[in-house]
Amino acid sequence: MAQLPQDPLVQISTGASGLDDVLRGGLPAGHLYLLEGSSGAGKTTLGLQFLLEGLRNGERVLWCTLAETESQLIATARSHRWDLTGVDIVNLADVEAEAEGDYSFFSPSDVELNDVVGRILRVTESIRPQRVVFDPFSDVKLLARDPLRFRRQLLRLREHFSQLGATVLLIQESGIEVGSDTAGEGVVHGIITLYQHSPDYGKQRRRLQVHKMRGVPVREGYHDLAIETGGLVIYPRLVANEHDVPDVVGRVSSGNEALDQMMGGGMDLGASLLVTGPSGIGKSTLCMQFLNESARHGARSAVFLFDETRRAFLSRADALEMATRDHIDRGLIGLRQIDPAEFSPGEFAHLIRRTVEEDGVSIVVIDSLNGYLTAMPDEKHLAMHMHELLSYLSNRGVATLLTLNQQGVVGESATPLDVTYLADVAILMRYFESDGEIRRAASVVKRRVGPHDATIREMRIAPPGVLIGRTLKDFHGVLSGLPETREAADAKEQA
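Residues numbered from 1 in each chain as written. Predicted model: local features only at pLDDT ≥ 70, side-chain atom pairs only at ≥ 80, totals over all residues. Heavy atoms only, no water.

Enquirer: Mind showing me how you'd approach the packing of aromatic side chains here?
Expert: The description of an aromatic ring pair uses the distance of the two centres, along with the angle that the planes make with each other. Here the structure, examined in full by the defined rule, presents 8 aromatic pairs. When the centroid spacing of 6.1 Å and the interplanar angle of 50° are considered together, the rings of Phe 137 and Phe 150 count as tilted. Taken together, the residues span a long stretch of sequence, with Phe 137 in the loop between β6 (131-134) and α5 (138-144) and Phe 150 in helix α6 (residues 147-164) at a distance of 13 residues. The exposure class of Phe 137 is buried, given its relative accessible area of 2%. (Phe/Tyr/Trp six-rings, centres within 6.5 Å; stacked < 30°, edge-to-face > 60°. Helix = DSSP H or I, 4+ residues; strand = E, 2+ residues; numbered from the N terminus. Buried < 20%, exposed > 50% of the residue type's maximum accessible area, 1.4 Å probe, protein only.)

Below, the structure is given as structure tokens:
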């Protein structure tokens, strides 16, 4: 079989489409790469994916180990429902017995390292594989002991595999900081690191970073990943500017004329609407009206629930005599309940991308940002993730509706994070007390493009949803939750 060319522009798939995306096409063929990470991060799984991809392409592939037995490797493969038939597996620890001799001029480490490297050369020269994985290659480093000796042997291997045209993954435990192992890192063509950590609650969080890749403008930064049956799934960091499409012109109506007028005639496609208010005031119901009106005209939309269950969402829609359940049954509204403890930000962004690009939705609802916040590894990253996600949806001409729950009911209120500046349109909902009862008010406090109604309107929840009432001209301080009548406020000023 013909050898792989060593032109750095020739790239081969890693077997993980997300990693190929991060590498903008795959690994440059015919080079050595270091794959490192802690135990359980997914190194062996990714190594097997790399070899199985080679098998699918009709290549000869080889797995070399100094520690893991063939039965252990097969067990790992079975957990992913993989068949390793066709993968050559060699245990380098089973070194052929050498003639006994006097080691006066060589230390035992010299002899052992030379034995292992010699067997690597003999086996690969015989099999002539196009893809090779060493797991764990850190054992070879331990045999070398001295960094200079390790570097010399690594250079020897690099030259050998270069002549074979083989692409090689060297897997090692990341017990040392990246950059401190200069002896090995300066020799390899690229370095990929897998990370994992255990949050206080929820499943393991894993991510990947390409520290070095010669000749390839990789997607920099951290990329979330998950280990699933079938291998590693990598979610490349979302870069909104890479997903621009021609401008989409149009507006999305709520089906409520008064509400549309408050927003200056409705909501533009590609715009984002943030609905803020305390729990139970009607934020989700307002978003539901947009969904139902769009579905009535045949448009598709998707709802991602972080705070409440699918059952509660549909029960409320039924109580308000909305047609939401029927639109879901017809496939016009997609409803997905998200468990924040089980989703990483990158995985969630990938889910939205797939919904937009494969299902063709024109409206996305995230209910709520408070629930999304709990999925973040660190609160300070929320604004960056959300900004990129909203920019992506805007570039795709998708209208985005976000809800944000405020703490408190009547009186002073607060939000866990101010993201109002990220939205194109912002609606503030408030409870207020008047004449011995709790009432509701709503106001459009921001519209980035074009005029909007700046009045504060009374609102109530009744079939078929949010009903907008009169302008509250007789009150002062409605948005504070504790308003005064206009007469009382004027009397205070005069006093």
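Enquirer: Any chance you could explain the environment of Ala 323 here in plain terms?
Expert: Summarising the element assignment, Ala 323 is placed in the loop between α10 (310-319) and α11 (324-329). For the pair Ala 323 and Ala 295, spaced 28 residues apart in sequence, the C-alpha to C-alpha distance is 9.4 Å.

Enquirer: Whenever I open this one, helix α9 (residues 283-296) confuses me. Can you help?
Expert: One turn of the α-helix equals 3.6 residues, which is why residues spaced by three or four share an orientation. Between its first and last C-alpha atoms α9 spans 21 Å; for 14 residues at 1.5 Å apiece the expected length is 20 Å, and the two agree. The buried count for α9 comes to 13 of 14 residues, which makes it a mostly enclosed element. With its phi angle positive at about 90°, Gly 298 sits one or two positions after the end of α9. (Expected span 1.5 Å × (residues − 1).)

Enquirer: What exactly am I supposed to notice about unusual backbone geometry here?
Expert: Backbone phi values are negative for most residues with the exception of glycine, while trans is the configuration of most peptide bonds. Between Asp 135 and Pro 136 the backbone carries a cis peptide bond, its omega angle lying at -5°. Examined against the element boundaries, Pro 136 turns out to sit in the loop between β6 and α5. Put simply, Asp 367 and Ser 368 share a cis peptide bond, and its omega is 15°. Inspection of the secondary structure puts Ser 368 in the loop between β17 (363-367) and α13 (369-374).

Enquirer: Even after reading the chapter, I still don't get the side chain of His 243, so can you show me in this structure?
Expert: As for its placement among the helices and strands, His 243 is situated in the loop between β11 (231-235) and β12 (251-252). Residue classification places His 243 among the buried positions, given a relative accessible area of 13%. Sequence-distant contacts of His 243, that is, excluding residues within four places in its chain, are made with Leu 238, Arg 353, Glu 357, Tyr 392, Asn 395 and Arg 396. (Contact = heavy atoms within 4.5 Å.)

Enquirer: Hey, could you run me through the layout of surface pockets in this one?
Expert: By volume, the largest pocket is sized at about 660 Å³. Lining the largest pocket we find 25 residues, and of these Arg 207, Tyr 222, Asp 224, Arg 237 and His 385 sit closest to its centre. Contributions of two or more residues to the lining of the largest pocket are made by β8 (190-197), β9 (205-213), β10 (223-228), α12 (345-359) and α14 (382-395). Of all the elements, α14 adds the most residues to the lining of the largest pocket, at 4 residues. Residue composition of the lining of the largest pocket, by class: 11 nonpolar, 8 polar and 6 charged. (1 Å grid on protein atoms, 1.4 Å probe; cavity = no way out; pocket = protein on both sides within 12 Å on 5 of 7 lines; lining within 4 Å. Points joined across faces, edges and corners; volume = space filled by probe spheres on them. Nonpolar A, V, L, I, M, F, W, Y, C, P; charged D, E, K, R; others polar.)

Enquirer: Would you mind showing me how to read the sheet that holds β10 here?
Expert: The strands that make up a sheet pair up through hydrogen bonds in the backbone, lying either parallel or antiparallel. Overall, mixed pairing links the 9 strands, which are arranged β5-β4-β6-β7-β3-β8-β9-β10-β11 in an open sheet. The strands lining the two open edges of the sheet, one partner per strand, are β5 (87-91) and β11. Here the average twist between neighbouring strands, direction ignored, is 25°. Of the strand pairs in this sheet, β6 and strand β7 (residues 167-173) are connected by 4 bridges, and their pairing is parallel. If you follow Arg 131 over to β7, its bridge partner there is Thr 167. (Pairing = 2+ DSSP bridges. Axes fitted to C-alpha atoms, helices over the stretch in contact; angles between N-to-C directions.)

Enquirer: I keep staring at the pattern of salt bridges and nothing clicks. Help me out?
Expert: Inspection of the entire model under this criterion finds 19 salt bridges. In this structure, the salt-bridge partner of Asp 268 is Arg 447, at a minimum N-O distance of 3.5 Å. Taken as a pair, Asp 268 in strand β13 (residues 267-268) and Arg 447 in strand β20 (residues 437-447) lie far apart in primary sequence, 179 residues in all. What emerges from the salt-bridge pattern is a single network uniting Asp 21, Arg 24, Arg 219 and Glu 242. (Salt bridge = Lys/Arg side-chain N within 4 Å of Asp/Glu carboxyl O.)

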